[in-house]
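Each chain, letter by letter, is given below.
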Amino acid sequence: MAVKGLGAVDKKYDGSKLRIGILHARWNKTIIDSLVQGAVAKLESLGVKQENIVVETVPGSFELPFGSKLFFEQQKRKGTPLDAIIPIGVLIKGSTMHFEYICDATTTQLMKLNFDLNIPVIFGVLTCLTEEQAEARAGLIPGKMHNHGEDWGAAAVEMAIKFSD
Ligand SMILES: O=Nc1c(NC[C@H](O)[C@H](O)[C@H](O)CO)[nH]c(=O)[nH]c1=O
């Protein structure tokens, strides 16, 4: 029996009052598109209204931390503040150390943003050694793993609601 992975959600959270931002990188488009679709589908299944799911893009995963901060501030200025952000990126190891440096910097800074912005900033970055690993985690290989974008959508709703009372 599989021991890894996210257990069942502890309760079905009502996302109908939430406004969620999805900021995705544009590298590895096929995989990104599947992850975004999975996150959006999960958000909608938890009651988040279509008009309250705001999708924006940045060039690559390295831009996700600062892009998320700018995105958050822009939505706040517009009077439509975000309750959570899901940064989505796909990093695939190449032949140099570029991958390691971007993974490390992006991960650290996205974690820091939770505390800086005081809203949930979900870790939606795949850090894969092969294209196949990334495809499997985007639900693109039938029978192999599942679309991790769904987990990220569920985490955004739970974290935006759970401790807000
Ligand atoms: O190199 N590989 C990748 C990548 N590089 C670009 C980087 O994120 C950034 O956009 C540029 O360095 C400009 O700042 N970005 C990804 O999302 N995935 C990759 O696999």
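Anything mentioned here points back to the structure above.
So, here is what we can say about the structure in this document.

Cut-offs used in this document
Residues numbered from 1 in each chain as written. Predicted model: local features only at pLDDT ≥ 70, side-chain atom pairs only at ≥ 80, totals over all residues. Heavy atoms only, no water. 1 Å grid on protein atoms, 1.4 Å probe; cavity = no way out; pocket = protein on both sides within 12 Å on 5 of 7 lines; lining within 4 Å. Points joined across faces, edges and corners; volume = space filled by probe spheres on them. Helix = DSSP H or I, 4+ residues; strand = E, 2+ residues; numbered from the N terminus. Expected span 1.5 Å × (residues − 1). Bend = angle between axes of the 7 residues up to and from the residue. Buried < 20%, exposed > 50% of the residue type's maximum accessible area, 1.4 Å probe, protein only. Near = heavy atom within 4 Å. Polar contact = N/O pair within 3.5 Å; in protein donor to acceptor, adjacent residues only side chain to side chain. Areas by Shrake-Rupley, 256 points an atom, 1.4 Å probe, with all protein chains shown as cover. Nonpolar A, V, L, I, M, F, W, Y, C, P; charged D, E, K, R; others polar. Axes fitted to C-alpha atoms, helices over the stretch in contact; angles between N-to-C directions. Parallel < 35°, antiparallel > 145°, perpendicular 65-115°, else oblique. Contact = heavy atoms within 4.5 Å.

### Details of the layout of surface pockets
Next, step 1: Size it by volume and the largest pocket reaches roughly 280 Å³.
Next, step 2: For the largest pocket, the lining is made up of 16 residues, of which W27, L91, I92, H98 and I102 are closest to its centre.
Next, step 3: If you list the elements that add at least two residues to the lining of the largest pocket, you get β3 (84-92) and α3 (98-118).
Next, step 4: A volume near 190 Å³ is recorded for the second largest pocket.

### Considerations on α3
Next, step 1: The terminal C-alpha atoms of α3, which comprises 21 residues, lie 30 Å apart, in line with the 30 Å expected from a rise of 1.5 Å per residue.
Next, step 2: At K112, α3 shows its largest bend, some 25°.
Next, step 3: F99, I102, C103, T106, L110, L113 and L117 are the residues of α3 that are buried.

### Things to note about the site of the ligand
Next, step 1: Lining the immediate environment of the ligand, one finds W27, N28, G60, S61, F62, E63, V90, L91, I92, H98 and I102.
Next, step 2: Between the ligand and E63, the relevant distance is 2.5 Å, taken from an oxygen atom to a side-chain nitrogen or oxygen of the residue.
Next, step 3: Relative to its unbound accessible surface of 450 Å², the ligand loses 77% to contact with the protein.
Next, step 4: Counting residues per element, the ones that place at least two in the shell around the ligand are β3 and α3.
Next, step 5: Here the shell around the ligand gets 3 residues from one element, more than from any other, and that element is β3.
Next, step 6: A breakdown of the residues in the shell around the ligand according to their chemical character gives 6 nonpolar, 4 polar and 1 charged.

### Re the packing of helix α2 (residues 64-77) against α3
Geometrically, a packed helix pair is captured by the angle between its two axes and the distance between the axes.
Next, step 1: Direction vectors running N to C along α2 and α3 enclose 25°, while the axes themselves pass 8 Å from each other. As judged from the angle between their axes, α2 and α3 are roughly parallel. The segment α2 lies against α3, with L64, P65, S68, K69 and F72 engaging T106, Q109, L110, L113 and L117.
Next, step 2: Considered class by class, the residues forming the contact of α2 with α3 number 6 nonpolar, 3 polar and 1 charged.

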